[in-house]
Each structure stands twice: as C-alpha cells, then as structure tokens.
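Commentary on secondary and tertiary structure
Each chain, written out:
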Amino acid sequence: MNEKIQEIIKRDICESYNSNILRKFIDTGLEEIRACINCGTCTGSCPSGRRTALRTRSVIKKALDGDDSVLKDIDIWLCSTCYYCYERCPRNILVTDMVIKLRNIAVEKGYILEKHFNLAYNVFFKTCHAISAKGENNKKWRELRESYKLPSLPPTVHSYPEAVKECQTLMKEVKFKKLLDQIKKKIKK
Amino acid sequence: MKIGLFICGCGRNISGTIDIDKVYDHFSKLTNYYVFEDQYLCSESGVKNIIKEIKKKKMERIVIAACSLKLHGSLFQKTIQKAGINKFLLSFANIREQNSWVHSKNPIKATKKAIDQINMAVERAKLLNPLEAQYADIIPKTMIIGGGIAGIKAALAIANAGYNVCIIEKRPTIGGYMALFDKTFPTLDCSICVLGPLMSEIDDHPNIKLYTLSKVKKVKGNIGNFKVTVLKKPRFINEDECIHCFDICREVCPIEINDTFFPRRAIDVPFPQAVPLFPDIQKDYCIGCKACAQACEREAIDFNQKEEILEFKVGSIIVSTGLEPFDPSILSELNYNNYQDIITTLQLERMLNGDGPTNGKILRPSTGKPPKRVSFVLCVGSRNKKIHHDYCSQVCCNAAIKQAILVKKNIPNINVNVYYIDIRAVGKNCEEFYNRAREDFGIRFIKSNISAIVKSDTSDELIIRGESVSEDMLFENKTDLVVLAVGIEPAKNTNKLCQILNISQDTYGFLLEKHLKLRSSESSINGIFIAGAIQGPKDIASSIAQAESAAAKVITLFIKSRVELDPYIVYLRKENCDLCRLCLNICEYNALNIKNNELNIIQANCTGCGACAAMCPNEALNIPGFTKKQISEQIKVVLKNKNEFPLIIGFLCNWCSYAGADLAGTSKIEYPTNIRAIRVMCTAMLDPALVFESLFFGADGVIIMGCYENDCHYDSGFIKAKKRYKSVREILIKAGINEDRVRIESVAAGEGEKFAKVVSDFTNKIKGLGTTKINECGEDNSIKGLVKSKQKLGEL
C-alpha cells in the first residue's frame, strides 16, 4: 500500500474514534486493535487477572474509546507480560504489546508508581546496572565468582566506573533523562 | 485500420477513479480511432449502441475498456459478432478490476495507467486475425465426485433429465455427513428419514451408476470430453451374490473396533440405511479368520478381490466432496485430547442418533452416566486468524442450538450453557429457532470465548474458564460434558484432487468459483462444476440449492450437444520453419511431429500452452492473440510514453495470476499503479527475448506471475517458465543488468491479497534499484544477450 494512502487511512480512523491514545497506538503500528470482536479471550486467559483486578479486554476497550482514566489505573501495571492473550487472540491482535505501549503513554503523562520510577531512575540513569555486586550483602557472590577464577566484579560498569558517564550521555541523548525529569516534576506536584 | 474503442464508466466504479473524459479526449484526437463512452456498456442499450456504431463506422478491430474479460468477455464477443465482425477481433483493456478498483486513492496515475492499458489493447487488436471457433462433441454423461447430499441431489436432477451419471464415492456408502446426523435445524426433522429415500433412489435409478470405495486418480481432456481414471478399492464382497443380510457375517466377526462414536466390526455396514447396503471388510483390522466367509450361505465373501482401475469418458464433472470437521486438538487450551468428556458436535450427534453407539442416550464417555450440566463452546476452529481459519463456518451456531434443544428434550432438568462470541442464526426460520432455545427451553447463552477447559482437582468435573463479556466478569463454571462446536474445513486431500482436476482453490483450500455471486457453482475450468460444502461452509439447504444449480448447468451443456472451444492452439507458418526441432523437445502433448521433412501439428493434442512458440527462433509457431509480435508491440507502446517510475511490465498467466489480479480488484486491495500487465495463456509461452526487450526499451522491472507448480493448467508450464527464468538471470548478469529486476512468482487465482503484496514489494524493490541504465545495456549487449538467450535455451 502506498505510504500516503496509509497516512490517510490512519488519519481517518483517528478522527472517527476521536482518541489520542488510539492515535499513539496507530503511530506505532498497532492498528490491528480495530479487528477486536470483544470475545473475551484475553481476559479469560490472563493468569494475572485471575488473581488481581486486571481485565485486559476492558483496559484495551477503554483505550480504544479514548478514556484517559485507563492511564491512571494501576491495572495496566499488573500485567506480567506472559503473552497468553497475545498467543490466543483469534484476531491476531498484539495484546501484550498494546499493554506495554499503554504503559509508555502513561509514563509520558506522568502516571507512574513511585517504586517503578525509582527503579527506572536508579537502573537506567544513576547506577546504570540492575543488580549491585558491591557491598557486604554480595560478598558471597563475589567469592563464588573468584572460586571459578573470574574477576570478583563482572565486566559491567562495576569494573568500568567511567562507563557510567557514557551511559548517562546516552540516556540524555535518547531523551530518557528529560522524561525522567518531567515525571519527577509531575510527581512532586 | 479502423479501430473502435468503447470505454465504460461502469457507474462510478470506473469513472469514480479514472477521468474518463481525459481518456476520451486522448484517443479521439487520434486518426482512425472511433471512440465512444457509455455509463454501462454491458447494458442492453450499451450493447445495441456498440452494434450500431460498428456497422455505421465500418470498424475493423474492437477494443473494450471496461471490466475484466473474465466477466463479460463472452458477452462482448457475441455483441461484435452480431455486428458482423469475427468475434476474435476483440481486445480488452481491464480498467476496472486491474485499475480503478485497486488505485482508487490515486486517480491521476490511474488515468495514465488506463491510457497505457488501452494503448496496449489497441496494439494487440491491430495484430489480431479472424479465427474460426472450434467445436467438439459432448459426451452426455456426468461424473459426480462425492456422494454426500450435494452429490446425491445433483445426480438425481441430471439423471431425471435423462442423462447418465456416475457417482464416485470414497467411503463404502453414500450419504456423507448428513447420514450421520440425528435431526436437522431449524425444523428438527429426522435427517435420515429425509435422506434415506433419496439414497435408495440413487441405487434404483436406471441412469445412475454408483462406485463406492473409489477415488479419482487421473483426469485428462476438456469440457465435453474428459477421460477419467478411477481406482476402486476392493470391498471383498461379491456384490452380485450378497443379499444385504449383513447380520450374519458381522455377528461371527471376532474383531471389534472400539471407537467410542463409530464402533464396528472388521466386517460391517457403516449404518443400517447405507447405500449400497453391502458390508465391507476393513483390511487394516481383519485378521483373515474367514469366519464370515464360512457363515455366509451365499458365498458372497471374496477375499481375492483386487484393486481395480476403471476408465470413464464423461462430458462434465461435478465436484461435491464436502467437508471435514475441524480437529480441535491443535487448540491445546481446550484439552480435547486429554479429557474424554470433551467431545465435538459431530460426536454428540452420534450419541443423539438412535442408531448410534449409545442408542440415542446422552452419556458422559468417562463414566457412562448421563450428565447434569452440558456446555457448548462455539467458534472452535472458526473466525480464528491464528490457525488461518478467518472464516465463519456458518453452520456451527445453528447446529449447537439444535443440539442444545435436543439435549434439553432428552434430559429435561439438565443445565445447558452455550458459550458464544456472536450468535449467527442465519437462514430462514433460524433466528426464531434461536429464540425458542432461549424462551421455551431455557438454555443459557453466555457471551464469551472460552479460554481454557481444565479438570477439577477434587472431582471428575470439568471447569470452563472465560470472561463473560456482557458482565465484564471472569467465571469458572463446572460442567460434566463439554461439546465443542467445531468448524468446517474442506474435505481431506482436496489439494490432491485439485491438482488432478487442475482447478483452483481459495486461500483456505475450498474450491474457487468463477464468480462468487454470478457463477458460484462453476470451477475455474470449463466443464467442471462445484456443489456443496467444498465451495465453502454451507448448511444442507444451501448445499442442495447449489447442487441443483450445478445440475442445471450440466443439463444446459448437454442439451447443446456440442461445445465451442477456444481456438487458442498453436498455428504453423511453414515457410519460417527450419526444422530445428527445439519445439519437439519441449512439447509434452505429442502435438508436434516431423514427417517427410515437414513439421506437422496434431491439433487435437495441442492444449495451447505455447511453450513451443516461445522456443521457436523463427516465429514459425504462434498462438493467435499471443504472438511475440503482439506482446512486443504492447511492451513498446507502454515504454514509448513511459509515464511512471518505476515502470514494471507484468506477464500474468491467464488461469491463476490474471484471475488473482482480478480478485485483488474485486476485493479492493490497493497496490501501486506501476505495473502494466500483459495477459498470456501460460507463463511457458513467454519468450525470454521479450523480458530482455522490456528492459532494453526502458522498463525498470519485469515480473512473471504464474500458477503454483502443481496447479499449472498445462501440467508443467510454470516449471518450464522457471527454468527459463534461471537462464534469464544468468544472462542479465552477463549483460551488466541487475538480475533482481526480473522476478518470477506463483500467485493462485484465490490469492488476490498475495498479488497486491507481490506487486507492492517488487515496486519498492525496483524503486531502490533506480532506473535501468542505458549504458549498462547498450544495443550491442542487447543483441548479444538475445543470441546468448537462444543458445542457452537450446541447451535446455
């Protein structure tokens, strides 16, 4: 299909649905949601939903209707991205990818749990590693490495502290830092 | 030469996209052109107008710019014949299916393309010669493949009209799936009580000959005269001696085949109403004890029977091989293979049937006790893109509603739940039937696609999980028996049968009809008709309607007693032939031979694939309408006024890809305007020199589209084309041209979507390559290339 035509189709659909969230879905190529026939397979298959309040189909439906409240909802963070719904959807909708996208949109709007924010801030910007190898708590682990004749610290930023700067530059370059700062401001408000 | 050009606006179908006035102006300025436009050329007034103008202006060649020639080709042929012109002096520009319907978002380019298409058709028309239509006698006999309800009804209709019919059935009995049902929806009348009398009528009818346990192995020939080879498996029963007292032989048989739903002995009849009512011996189970042979007083059992090969000569064939129920094992979340109490609608049907394994009682297979709760799960294997079953099977909703009612009638205080996505109670009286299920029988309908069926940890109950969509709630419901309403697939081995018959399938494997609405009971090949669920999911009533429609077409054919054949077979210009014998090697039909230093054509054997014409270095052999000169002129006229980049010349095989391109049109699947399609009867008739010519004259890419290797209308045409394609690429490399500018693809008649995708992909690819550079392929190279191509082809 011609790119221009695709543009027109996308625009038409966004206008007819009148939904900002939908526009963002479509911009990332998730327009398959239009094929949803509300069969309930996603919710029914969801192992997280069996124990929590997450109702996958309702979440997607709200997003489709342009209901912004879905972004504030804690439900979208309860998905464990196990891909059951994705595998079983009879319409080939990329359900899990859509939940992830919804989270992205939520974060952009400043809806994020403080724990998630701190984790993201620490891992991706402050320390640039996920699991710390330093400190008294990790001594056993370091000894284990040594017993295999490996250096006690892994070849990550632990061994190359100067690389932290590089990672931080990278995060600034891709505007992740900016996003973090914006969220920080919003949380404070 | 006076050329009459008739442009159709087709309401807004063509004129909504293509600027007809501009096209009209373009051609009316040219000399020797008589241009006319009409809103509907195919209407009565349009046709009359064509005849009037042809006579008035004394036109010599006619070009119709309208829909596909596959739709109205014969109408316009007849029209110009009425005007006194040979009907083969007609050329088509397909500006609807292959232009306005697929380029609706790009009217300017579409208009330019339409002018190109008309120019091509004109160039082709200029070189057309009058031809004589060929006629062949029709053998007034029909073969019906598959003896289900569709085959039975078609057979009776044709036989009652006085023509001979033979039915080829692979099972030991006719009757198909309908014979296994208990009741039919929405009337709840007994299935076998309706079907049984029809089956015996088949058996008794003087014009019908029935061949059970038989399979079609080979089919050759054309409409009016097919030669069919059938393999008949042994029944091990002497049918002249057997008097249908099947109790005696089956009682003594020690081998019981313990199928829950289809129990039988090694020698047995499938069901008591079977036709023919002979028992058959299942060779895989029989241990050869011959107890049955001893018990049979008539000595009708014959263990020495062998497979037989039968030869038939028939004038037409009806394919009614029917359906195969979907196997739910691949949907692992439903656990069909793991728990006995999960059954399919067809298996429940066996239980409901008084002649079935439980004598009409509904029992849980695991315990043998009646269930208290039954759950129906709909859309199993239907409307599911994951397993490439995007279609709705049409009958499962109604079938499940029927069964739910029968279950409720059978066990009145039973709890029946039906889990559905959408209820499609389509058909006369079916919605009322659905209402009765809710109102009168108290069956609960829950909108939910079931996510999983598991076994309870504590009891032998099953647990159904899902989301009730209307209540936005998750549920886990306990149940004793789960019935999966399985969808419909085409009969097993349909692929193979289609290869034998050379007919096309749609993307799901059902048979492709000539036109979904207008010609739904005709296959892609003249003389072969389709009936019943093999064309697509259908209920009994629709199957019968289609069967009788197919029968009507067969009778129409037979009444005429002779049939007109396309005159598109190879013609020889003797003075050009230098007896190089290249053609002899490639012809697989023995249509050419050399006697007394002269090449002869055996017209009866020629199928018109044109492989020989493509090989001929001197243009001594030609297929009328598709000569090298004609194709070459079409290429030249497009490239002379090249108005688009990239410009791609497409060669489409008449049977598969051209039909596929038309399907993309009727499905309104958009693709780039860059392709200029030239119809050829077979890709085998394409001379590689034409591919080079296209590139040398400025085409940016060439795409050759044909059938799949096994589906080729001319057996091995596409394989021949592929071989040539390989050498074309090698030569292009030597000539300094990027070999990726030429591509070969298989696009079947049912693959409109694939056609659009292939064209889009190829256009993007060529965009990346840029224009074909002239300094890379100068005139010298072109001649060298041609010489090499000839040498190369000689080696093949």
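**Here's the deal with the overall build of chain B**
Within chain B one finds 22 helices and 38 strands. In terms of C-alpha radius of gyration, chain B reaches 31 Å, essentially the compact-globule figure of 28 Å for 796 residues. Every one of the 796 residues in chain B was classed for burial, and the buried ones make up 57%. Pairs at least 24 apart in sequence give 72% of the contacts found in chain B among residues at least 6 apart. For chain B, the accessible area works out to roughly 33,600 Å², and carbon and sulfur atoms hold 48% of it. Distance between charge centroids for chain B: 5 Å, based on 104 positive and 89 negative side chains.

**A few points about the overall build of chain A**
Across its full length, chain A holds eleven helices and zero strands. Reading chain A from its N end, one meets helices and strands in the order α-α-α-α-α-α-α-α-α-α-α. By residue count, 38% of the 189 residues in chain A fall in the buried class. Put simply, 60% of the contacts in chain A that link residues at least 6 apart link residues at least 24 apart. Accessible surface computed for chain A: about 11,600 Å², of which carbon and sulfur atoms make up 53%.

**With respect to helix α7 (residues 191–204) of chain B**
Residues and elements named next belong to chain B. When the terminal C-alpha atoms of α7 are compared, their 21 Å separation across 14 residues agrees well with the 20 Å that a helix rising 1.5 Å per residue should span. Those residues of α7 that fall on the buried side of the exposure criterion are Ser191, Ile192, Leu195, Gly196, Leu198, Met199 and Ile202. Turning to α7, the residues buried within the fold contact α6 (149–160), β7 (164–168), β8 (183–184), β9 (189–190) and β10 (208–211).

**What to know about the domain arrangement of chain A**
Partitioning chain A into structural domains gives domain 1 (3–108) and domain 2 (114–188). Each of domain 1 of chain A and domain 2 of chain A was reduced to a C-alpha centroid, and the two centroids are 31 Å apart.

**A look at the state of the cysteines**
All names here are of chain B. Across all of its chains, the model carries one disulfide over all chains by this definition. Two residues share a disulfide in this structure: Cys190 and Cys193, whose sulfurs sit 2.2 Å from each other. One quick way to see it: the torsion about the S-S bond of Cys190 and Cys193 is about 85°, and its sign makes the bridge right-handed. Exposure remark for Cys190: the relative accessible area of 25% places this residue in the partly exposed category. Cys397 supplies the cysteine sulfur nearest to Cys396, a cysteine that is in no disulfide, at a spacing of 6.4 Å. We classify Cys396 as buried; its relative accessible area is 8%. Looking at Cys498, it has no disulfide partner, and the nearest cysteine sulfur is the one in Cys656, 11 Å off. Since its relative accessible area comes to 2%, Cys498 is described here as buried.

**A look at α6 of chain B**
Residues and elements named next belong to chain B. End to end, α6 covers 16 Å across twelve residues, agreeing with the expected 16 Å (1.5 Å per residue, within 8%). With nine of twelve residues buried, α6 lies mostly within the body of the structure. For α6, every residue scored as buried is listed here: Ile149, Ala150, Gly151, Ile152, Ala154, Ala155, Leu156, Ile158 and Ala159. Looking one or two residues past α6, Gly162 carries a phi angle of roughly 100°, positive in sign.

**Observations concerning the nonpolar core**
All names here are of chain B. By size, the foremost hydrophobic cluster in this structure holds 57 residues, and its most contacted members are Leu621, Ile635, Ile649, Phe651, Val702, Ile704 and Val742. Among the elements that take part in this core, helix α20 (residues 717–734) stands out by supplying six residues, more than any other. When residues are assigned to domains, this core turns out to be shared by domain 1 (1–132) and domain 5 (626–796), each giving three or more. Among all residues touching Val742, those that are not within four sequence positions of it are Val691, Leu695, Val702, Ile704, Tyr725, Val728, Arg729, Leu732 and Phe762.

**Brief notes about the interface of chain B and chain A**
Contacts between the two partners involve 21 residues from chain B and, on the opposite side, 25 residues from chain A. Summed over both sides, the interface between chain B and chain A buries roughly 2,100 Å², with carbon and sulfur atoms accounting for 48% of that surface. When residues of chain B are sorted by the area they lose upon contact with chain A, Lys385, Lys386 and Leu474 of chain B head the list and together hold 28% of the total. Between Arg57 of chain A and Glu467 of chain B there is a salt bridge whose closest N-O contact spans 2.9 Å. Seen at the junction of chain B and chain A, the total is 14 residue pairs in polar contact (both at pLDDT 80 or more). Where the side of chain B that touches chain A is concerned, the elements lending two or more residues are β25 (462–468) and β26 (473–479) of chain B. The element best represented in the side of chain B that touches chain A is β25 of chain B, accounting for three residues. Taken together, the residues of the side of chain B that touches chain A break down into three nonpolar, seven polar and eleven charged.

**Considerations on the environment of Asp280 of chain B**
Residue and element names in this part refer to chain B. Looking at the element boundaries, Asp280 is found in strand β16 (residues 280–281). Given the relative accessible area of 3%, Asp280 is considered buried. The sequence separation of Asp280 and Lys409 amounts to 129 residues, and the corresponding C-alpha distance is 36 Å. Residue contacts for Asp280: discarding those within four places in its chain leaves Pro172, Arg235, Arg264, Ala266, Ile267, Asp268 and Pro270.

**A word on the sheet that holds strand β23 (residues 444–447) of chain B**
Residues and elements named next belong to chain B. Spatial ordering of the open sheet is given by β20-β27-β21-β22-β23, a layout of five strands whose pairing is parallel. Taken across any chain shown, the strands that pair with only one partner, and hence form the sheet edges, are β20 (342–344) and β23. When strand polarity is set aside, the average angle formed by the axes of neighbouring strands in this sheet is 25°. Note: strand β21 (residues 373–380) against strand β22 (residues 415–420), five bridges, orientation parallel.

**Focus on the packing of helix α8 (residues 114–126) of chain A against helix α11 (residues 176–188) of chain A**
Residues and elements named next belong to chain A. Two elements in contact, α8 and α11, have axes separated by 11 Å at closest approach and are oriented at 155°. Taken together, the axes of α8 and α11 are roughly antiparallel relative to one another. Where α8 crosses over α11, the two elements pack in a sense that is left-handed. Residues Phe117, Ala120, Tyr121, Phe124 and Phe125 of α8 lie in contact with α11, whose contacting residues are Phe176, Lys177, Leu180, Ile183, Lys184 and Ile187. Split into classes, the residues belonging to the contact of α8 with α11 amount to nine nonpolar, no polar and two charged.

**Observations regarding the packing of α6 of chain B against α7 of chain B**
Residues and elements named next belong to chain B. Between α6 and α7, the least distance of the axes is 10 Å, while the angle of their chain directions is 50°. By the angle between their directions, the pair α6 and α7 is classed as oblique. In this structure, α6 crosses over α7, and the sense of that crossing is left-handed. Counted together, Ile149, Ile152, Lys153, Ala155, Leu156 and Asn160 of α6 and Leu195, Leu198, Met199, Glu201 and Ile202 of α7 form the full contact between these two elements. Per-class residue counts for the contact of α6 with α7 are eight nonpolar, one polar and two charged.

**Observations concerning a positive patch on the surface**
All names here are of chain B. Residues Lys170, Arg171, Lys215, Lys217, Lys233 and Lys496 make up a contiguous surface patch of positive charge. Mapped onto the fold, Lys215 is located in strand β11 (residues 214–222). Lys215 gets classed as partly exposed once you look at its relative accessible area, which sits at 34%.

**Considerations on unusual backbone geometry**
Residue and element names in this part refer to chain B. Between Val275 and the following residue, Pro276, the backbone shows a cis peptide bond with an omega angle of 0°. A cis amide bond links Phe645 with the next residue in sequence, Pro646, at an omega value of -10°. Following the sequence through the fold, Pro646 ends up in the loop between α17 (628–640) and β35 (648–653). The phi dihedral of Lys58 falls on the positive side, at around 55°, and the residue is not glycine. By secondary structure assignment, the location of Lys58 is in the loop between α2 (44–57) and β3 (61–66). A relative accessible area of 62% places Lys58 in the exposed class. Positive phi outside glycine occurs at Gln394, with the angle close to 70°. In this structure, Gln394 sits in the loop between β21 and α11 (396–410).

What counts, and where the lines are drawn
Residues numbered from 1 in each chain as written. Chains lettered and ligands numbered in written order. Predicted model: local features only at pLDDT ≥ 70, side-chain atom pairs only at ≥ 80, totals over all residues. Heavy atoms only, no water. Helix = DSSP H or I, 4+ residues; strand = E, 2+ residues; numbered from the N terminus. Rg over C-alpha atoms; globule rule 2.2 N^0.38 Å. Buried < 20%, exposed > 50% of the residue type's maximum accessible area, 1.4 Å probe, protein only. Contact = heavy atoms within 4.5 Å. Areas by Shrake-Rupley, 256 points an atom, 1.4 Å probe, with all protein chains shown as cover. Lys, Arg positive; Asp, Glu negative; His and termini not counted. Charge placed at Lys NZ, Arg CZ, Asp CG, Glu CD. Expected span 1.5 Å × (residues − 1). Domains from an automatic or database assignment. Disulfide = S-S within 2.5 Å. Core = buried A, V, L, I, M, F, W, Y, C linked by side-chain atoms within 4.5 Å. Buried area = accessible area lost by both parts, 1.4 Å probe. Salt bridge = Lys/Arg side-chain N within 4 Å of Asp/Glu carboxyl O. Polar contact = N/O pair within 3.5 Å; in protein donor to acceptor, adjacent residues only side chain to side chain. Nonpolar A, V, L, I, M, F, W, Y, C, P; charged D, E, K, R; others polar. Pairing = 2+ DSSP bridges. Axes fitted to C-alpha atoms, helices over the stretch in contact; angles between N-to-C directions. Parallel < 35°, antiparallel > 145°, perpendicular 65-115°, else oblique. Left-handed = near helix turned anticlockwise from the far one by under 90°. Patch = residues over 30% accessible without salt bridge, like charges linked within 9 Å, V, L, I, M, F, W, Y side chains within 5 Å.

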